Amino acid sequence: MNFRKGQRREDPEINLIPFIDVLLVILIFLMVTTTYSKFTELQITLPTADAEKAVEQPNQIDVTVDAKGNYTVNGAPVSFRDVGGLAQSLRNAAKPGANPVVVVNADQFAMHQMVVNVMEAARIAGFDRLTFAAQSGSGK
């Protein structure tokens, strides 16, 4: 008996759709699980002062704050009791009837509150012109 005589032999067909589906699943899996070596970061460039040294004004008060919390007004040490006492020291250093510029020279390791104390003392003393001394970018 010949059983194959009545049956037609079909040609094999290659179906690419399941193959493409599997490749897409693998591609999606690789994209999701890939770690990237470069992370998004915020780049910040802090400003530095690059200006010529200003001519010293005769009507200014230099207030220096160091890292240990010591204050000096025009080179004379001042004992800090409270902001009102520092304001009185600023008034004593000013010429009568003048509105001087208060120049704050603060150490980089001085606490922020110390600089705020100088600003508040200048406000209490009635001096509305305040500036900060900065080191040049070259470190001189």
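None of these values were measured; they are calculated from a predicted model.

A word on the sheet that holds strand E5 (residues 129-132)
The mixed open sheet is built from five strands, whose spatial order is E3-E2-E1-E4-E5. Lying at the two open borders of the sheet, with one neighbouring strand each, are strand E3 (76-78) and E5. The sheet shows a mean angle of 25° between the axes of neighbouring strands, direction not considered. For strand E2 (residues 71-73) and E3, the ladder comprises three bridges, and the chain directions are antiparallel. Residue pairing for E3: Tyr-71 is matched across the bridge by Val-78. Contacts between helix H2 (residues 83-93) and the sheet are confined to strand E1 (60-65), E2 and E3, with E2 contributing the most and set at about 25° to the helix.

Details of the pattern of salt bridges
Scanning all chains against the criterion turns up one salt bridge. Put simply, Glu-120 and Arg-123 hold a salt bridge, and the shortest N to O gap is 2.4 Å. With Glu-120 and Arg-123 both in helix H3 (residues 112-125) and three residues apart, this pair spans about one turn of that helix.

Reading the values: the criteria
Residues numbered from 1 in each chain as written. Predicted model: local features only at pLDDT ≥ 70, side-chain atom pairs only at ≥ 80, totals over all residues. Heavy atoms only, no water. Pairing = 2+ DSSP bridges. Helix = DSSP H or I, 4+ residues; strand = E, 2+ residues; numbered from the N terminus. Axes fitted to C-alpha atoms, helices over the stretch in contact; angles between N-to-C directions. Contact = heavy atoms within 4.5 Å. Salt bridge = Lys/Arg side-chain N within 4 Å of Asp/Glu carboxyl O.

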